[in-house]
Amino acid sequence: MKSKIYNSYEEINKDLRILKVEKDLAYHKLIKEVEETKESLQLKNIIGDTPKRILNILGLFAGPLKSLALTMLFKKIFK
């Protein structure tokens, strides 16, 4: 990195203000990304509509077929 030569305190203060704004912006972007990551890792977002779709499919079956399908599903899940 090349060293910068300043000719006045005003130049130094100007660069310091710019660096502070850049630092604050980077910090707020990091906080936003952490919040988005936490939200995306919530169980409802990971699972999505899968249970609802399964129940809709199982609703198509009737009687013994429905019982058999549920038994197989629970065995698969809780294996």
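Residues numbered from 1 in each chain as written. Predicted model: local features only at pLDDT ≥ 70, side-chain atom pairs only at ≥ 80, totals over all residues. Heavy atoms only, no water.

1. Describing the overall build of the protein chain
Across its full length, the protein chain carries 4 helices and 0 strands. The secondary structure elements of the protein chain, listed N-terminal to C-terminal, are α-α-α-α. Relative to a compact globule of 79 residues, whose C-alpha radius of gyration would be 12 Å, the protein chain shows 29 Å and is clearly more extended. With respect to the three principal axes, the spread of C-alpha positions in the protein chain is 85 × 20 × 15 Å. (Helix = DSSP H or I, 4+ residues; strand = E, 2+ residues; numbered from the N terminus. Rg over C-alpha atoms; globule rule 2.2 N^0.38 Å.)

2. Some details on a nonpolar patch on the surface
Taken together, the side chains of Leu65, Leu68 and Met72 define a hydrophobic patch exposed on the protein surface, amounting to about 320 Å² of accessible area. Secondary-structure assignment places Leu65 in helix H4 (residues 64-77). By relative accessible area, Leu65 is classed as exposed at 52%. (Patch = residues over 30% accessible without salt bridge, like charges linked within 9 Å, V, L, I, M, F, W, Y side chains within 5 Å. Areas by Shrake-Rupley, 256 points an atom, 1.4 Å probe, with all protein chains shown as cover. Salt bridge = Lys/Arg side-chain N within 4 Å of Asp/Glu carboxyl O. Buried < 20%, exposed > 50% of the residue type's maximum accessible area, 1.4 Å probe, protein only.)

3. A short note on the pattern of salt bridges
A complete count under the given rule lists 5 salt bridges for this structure. Residue Glu36 is joined to Lys32 by a salt bridge in which the shortest nitrogen-to-oxygen separation is 4.0 Å. Within this pair, Glu36 and its partner Lys32 are both found in helix H1 (residues 9-40), separated by 4 residues, close to a single helical turn. When its relative accessible area of 45% is taken as the criterion, Glu36 is described as partly exposed.

4. Here we look at the confidence of the model for the protein chain
The predicted coordinates should not be examined in detail at positions where pLDDT is low. The predicted model of the protein chain averages 84 in pLDDT, with 91% of residues at 70 or higher. Mean pLDDT per element in the protein chain: helix H3 (residues 50-60) is the minimum at 71, and H1 is the maximum at 94. (pLDDT = per-residue confidence, 0-100.)

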